[in-house]
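In case you want the letters, here they are:
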Amino acid sequence: IVVQTWINLLEVRISGTLGRELTRLLIAAVNEESVHSFVRSLDWLFIGALIALPTVGWLCRDWWADEWFTSHKLAPAVINESVVLIIALAAVRLAATLYRGGLMGLDRQVFVSAVSIVSSILRLALPLPFIWVTPDVRIVVGAWLIISIVELVFLRISLSQAFSIPFSWRHFSFSEVRRRAPMWGSIGYLSLAWTAITQTDKVILSRVLPLGDYGRF
């Protein structure tokens, strides 16, 4: 939860800005090509995050168990691999937040809620047969990661249906992102302040407390 919260800072409320733009598209108050260009540009930004965050987690994998977390029951390799999987999971859910915000702007609240409910049920049910045979936290996080990737792809495909413009990979517009930056920048500042106030203590305690005590906290 702490990793997810801090990684969500990278989203800095871009999803809210995207939702606003798609609402304007819905009422024909903005050019479709401009909004589509903005969405495609955000795709590339979040693809970068999807690659960069797990890569950094993997490069630092030996540091997690040796320097940060303390556990007498979990092997260092288990801790390292679990943290990398958790970071990858948080990155995928970060991107899903973007597309979920866009669909909300298109008045697809019921659809988004249905997808979230199904995903939650699958995240609860899918790991159970595997951990019954082999109790391993990596199996649980790995199953969550697979479900989240499927959810991400499904949300992106659903968002694509809002546009009549053909999808193209080779597109990025700095001007479209820069033009909307003041809005999501100001909202992101408030999000950063809220996270710093409510989550900093959890990060500090994850360094000080053993994992068992931190789990009870």
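Residue indices begin from 1 for each chain and proceed along its sequence in written order. Residue-level local features of this predicted model are given only where pLDDT is at least 70; pairs of side-chain atoms are given and counted only at 80 or more, and the full residue set underlies all totals for whole chains, interfaces and linings. Where side-chain values are given, they derive from all heavy atoms of the structure, hydrogens and water being excluded.

**Points about the overall build of the protein chain**
The helix count covers DSSP runs of H or I at least four residues long, the strand count covers runs of E at least two residues long, and both are numbered beginning at the N terminus. From N to C terminus, the protein chain includes 10 helices and zero strands. Per-residue accessibility, obtained with a 1.4 Å probe over protein chains only, is compared with the maximum for each type, and a residue is labelled buried under 20%, exposed over 50%, and partly exposed between these values. Within the span of the protein chain, comprising 217 residues, buried residues form 40% of the whole. A separation of at least 24 residues holds for 81% of the contacts in the protein chain among residues at least 6 apart in sequence. The Shrake-Rupley method, run with a 1.4 Å probe sphere, supplies the accessible areas, and residue values consider only the shown protein chains as cover. Accessible surface, the protein chain as shown: approximately 12,300 Å² in total, 70% of it carbon and sulfur. We call two residues in contact whenever any of their non-hydrogen atoms come within 4.5 Å of each other.

**Things to note about the pattern of salt bridges**
We count a salt bridge whenever a side-chain nitrogen from Lys or Arg sits within 4 Å of a carboxyl oxygen from Asp or Glu. Under the definition given, this model contains eight salt bridges. The partner of glutamate 81 in a salt bridge is arginine 138, with the nearest N and O atoms 2.6 Å apart. Linking glutamate 81 in helix α5 (residues 76-105) with arginine 138 in helix α8 (residues 137-160), this pair joins segments that are 57 residues apart in sequence. Of the residues examined, glutamate 81 reaches a relative accessible area of 35% and is grouped as partly exposed.

**Re the environment of glycine 19**
Relative to the assigned elements, glycine 19 resides in helix α2 (residues 14-26). Along the chain, glycine 19 and leucine 103 lie 84 residues apart, while their C-alpha atoms are 6.9 Å from each other. Sequence-distant contacts of glycine 19, that is, excluding residues within four places in its chain, are made with Gly101, Gly102 and Gly105.

**Digging into the packing of aromatic side chains**
Centres within 6.5 Å make a pair out of two Phe, Tyr or Trp rings, where for Trp the six-membered ring is used; the pair is then stacked when the planes are under 30 degrees apart, edge-to-face when over 60, and tilted otherwise. Per the stated rule, a full pass over the model turns up one aromatic pair. Arranged with centres 5.6 Å apart and planes meeting at 40°, the rings of phenylalanine 111 and phenylalanine 154 form a pair that is tilted. Highlighted residues: phenylalanine 111 in helix α6 (residues 109-125) and phenylalanine 154 in helix α8, separated in sequence by 43 residues. The criterion for a charge sitting over a ring is simple: Lys NZ or Arg CZ within 6 Å of the ring centre, and within 35 degrees of the ring normal. Positioned above the aromatic ring of phenylalanine 111 is the side chain of arginine 108, whose terminal nitrogen or guanidinium carbon lies 4.5 Å from the ring centre.

**With respect to α2**
Helix span, as expected, comes to 1.5 Å for every residue beyond the first. Relative to the 18 Å expected for 13 residues at 1.5 Å per residue, α2 spans 18 Å between its end C-alpha atoms, a close match to the ideal helical length. Those residues of α2 lying buried are Ile14, Ser15, Thr17, Leu18, Gly19, Glu21, Leu22 and Leu25. Just downstream of α2 lies alanine 28, where phi reads positive at about 60°.

**Topic: the side chain of aspartate 43**
In this fold, aspartate 43 is placed in helix α3 (residues 32-59). Any N or O atom pair separated by 3.5 Å or less is treated as a polar contact, with the protein-specific requirement of one donor-capable and one acceptor-capable atom, and with residues adjacent in sequence counted only for side-chain atom pairs. Separated by 2.4 Å, the side chains of aspartate 43 and tyrosine 99 make a polar contact.

**Focus: the environment of arginine 178**
Among the secondary structure elements, arginine 178 is positioned in helix α9 (residues 174-208). Using a relative accessible area of 56% as the deciding quantity, one classes arginine 178 as exposed. Separated by 140 residues in the primary sequence, arginine 178 and phenylalanine 38 have C-alpha atoms spaced 9.7 Å apart.

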